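# Survey of secondary and tertiary structure
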Amino acid sequence: MRYLLTLAATAFCLCGAAQKEVTVIDMETHTPLAGVTVTLDTAITSQLRTDYTGGIIIPAHADSITLGHTGYETRHLTRAELTDTLELMRKYNALGEVVIYGKLPQVGIDFGKMLSAFHEEQRLTPRPKPLATFDFFSIFSSKKRKRTEERIKAIENY
């Protein structure tokens, strides 16, 4: 019984040793990458995904793997190249040439345009009509006083 238990434990350890536990990280920031697609290239192709810590267990029957993630370069590795930590490099899209067209800003103030706009606004704005007028110099004018008295009489007689 003792030999049978030892044989089973050894077989279990050998199967476990053939599996490889790997962590996938970002090459620049060294942060674990979750959701990386790991494609196993064996007789039967299958896909796995890394967990929230970037960890994944590669089965013993995998000859090579391909790592892929959005925004990162795809990486292909053989079984011999596998290490405990695999790094993925970000994709950088570079633009060739950028041409910007535009006008130079006008520096300074054009008082002529401002004044003409002000006059145009004044011309289009309706002027309020006063309800009552008062002329200071009309107090001293006798003609004006007579006309005012005549108007007051006309209003009273009306």
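Please refer to the structure higher up on the page.
Structural notes, computed from the coordinates. (Residues numbered from 1 in each chain as written. Predicted model: local features only at pLDDT ≥ 70, side-chain atom pairs only at ≥ 80, totals over all residues. Heavy atoms only, no water.)

## Here we look at the overall build of the protein chain
In terms of helices and strands, the protein chain carries 3 helices and 7 strands. Going from N to C terminus, the protein chain has its helices and strands arranged as α-β-β-β-β-β-β-β-α-α. Classification of the 158 residues of the protein chain by burial places 18% in the buried group. Nonlocal contacts in the protein chain, meaning residues at least 24 apart in sequence, comprise 44% of its contacts between residues at least 6 apart. Surface summary for the protein chain: the accessible area is close to 13900 Å², and the carbon and sulfur share equals 60%. (Helix = DSSP H or I, 4+ residues; strand = E, 2+ residues; numbered from the N terminus. Buried < 20%, exposed > 50% of the residue type's maximum accessible area, 1.4 Å probe, protein only. Contact = heavy atoms within 4.5 Å. Areas by Shrake-Rupley, 256 points an atom, 1.4 Å probe, with all protein chains shown as cover.)

## Some thoughts on the nonpolar core
Generally speaking, soluble globular proteins have nonpolar side chains that are buried together. In terms of nonpolar packing, the biggest core is built from 16 residues, with Val38, Ile58, Ile65, Leu67, Leu86 and Leu88 touching the most fellow members. For this core, the secondary structure elements donating two or more residues are β1 (20-26), β2 (37-41), β4 (55-58), β5 (64-68) and β7 (85-88). (Core = buried A, V, L, I, M, F, W, Y, C linked by side-chain atoms within 4.5 Å.)

## Thoughts on the side chain of Asp26
Note on placement: Asp26 falls in strand β1. A polar side-chain atom of Asp26 sits 2.8 Å from the main-chain amide nitrogen of Glu28. A polar contact is formed between the side chain of Asp26 and the side chain of Arg90, at a distance of 3.3 Å. Discounting chain neighbours no more than four positions away, the residues touching Asp26 are Thr31, Leu33, Tyr72, Leu88 and Arg90. (Polar contact = N/O pair within 3.5 Å; in protein donor to acceptor, adjacent residues only side chain to side chain.)

## What to know about the sheet that holds β2
Reading across the sheet, the 4 strands line up as β3-β2-β5-β6 and stay open at both edges, with antiparallel pairing between neighbours. The open sheet has two edge strands, β3 (46-49) and β6 (75-78), and neither has a second partner. Looking at each pair of strands side by side, their axes are set apart by 25° on average, direction ignored. Note that β2 and β3 share 4 bridges and pair antiparallel. Opposite Val38, over in β3, you have Leu48 as the bridge partner. (Pairing = 2+ DSSP bridges. Axes fitted to C-alpha atoms, helices over the stretch in contact; angles between N-to-C directions.)

## Description of the sheet that holds β7
Sheet strands pair via backbone hydrogen bonds, and the direction of the pair is either parallel or antiparallel. Taken together, 3 strands build an open sheet; the order of strands is β4-β1-β7 and the sheet is mixed. The two strands at the open ends of the sheet, each matched to only one other strand, are β4 and β7. Between one strand axis and the next, the sheet turns by 35° as a mean value, whatever way the strands run. As defined by bridge partners, β1 adjoins β4 across 4 bridges and the pair is classed as antiparallel.

## Points about a positive patch on the surface
Where like charges cluster on the molecular surface, the positive patch consists of Lys143, Lys144, Arg147 and Arg151. As for its placement among the helices and strands, Arg151 is situated in helix α3 (residues 142-157). (Patch = residues over 30% accessible without salt bridge, like charges linked within 9 Å, V, L, I, M, F, W, Y side chains within 5 Å. Salt bridge = Lys/Arg side-chain N within 4 Å of Asp/Glu carboxyl O. Lys, Arg positive; Asp, Glu negative; His and termini not counted. Charge placed at Lys NZ, Arg CZ, Asp CG, Glu CD.)

## Focus: the pattern of salt bridges
All told, the structure shown has 3 salt bridges when counted by the stated rule. Salt-bridge contacts for Arg90 lead to Asp26; the nearest nitrogen and oxygen are separated by 3.3 Å. With a gap of 64 residues between them, Arg90 in the loop between β7 and α2 (111-124) and Asp26 in strand β1 connect regions that are remote in the sequence. A relative accessible area of 34% means that Arg90 is categorised as partly exposed. You can call Asp26 buried: its relative accessible area is 1%. For the salt bridge of Arg123 with Glu120, the shortest nitrogen-to-oxygen distance reads 2.7 Å. Of this pair, Arg123 and Glu120 both sit in helix α2, 3 residues apart, roughly one helical turn. For Arg123, a relative accessible area of 59% gives the class exposed.

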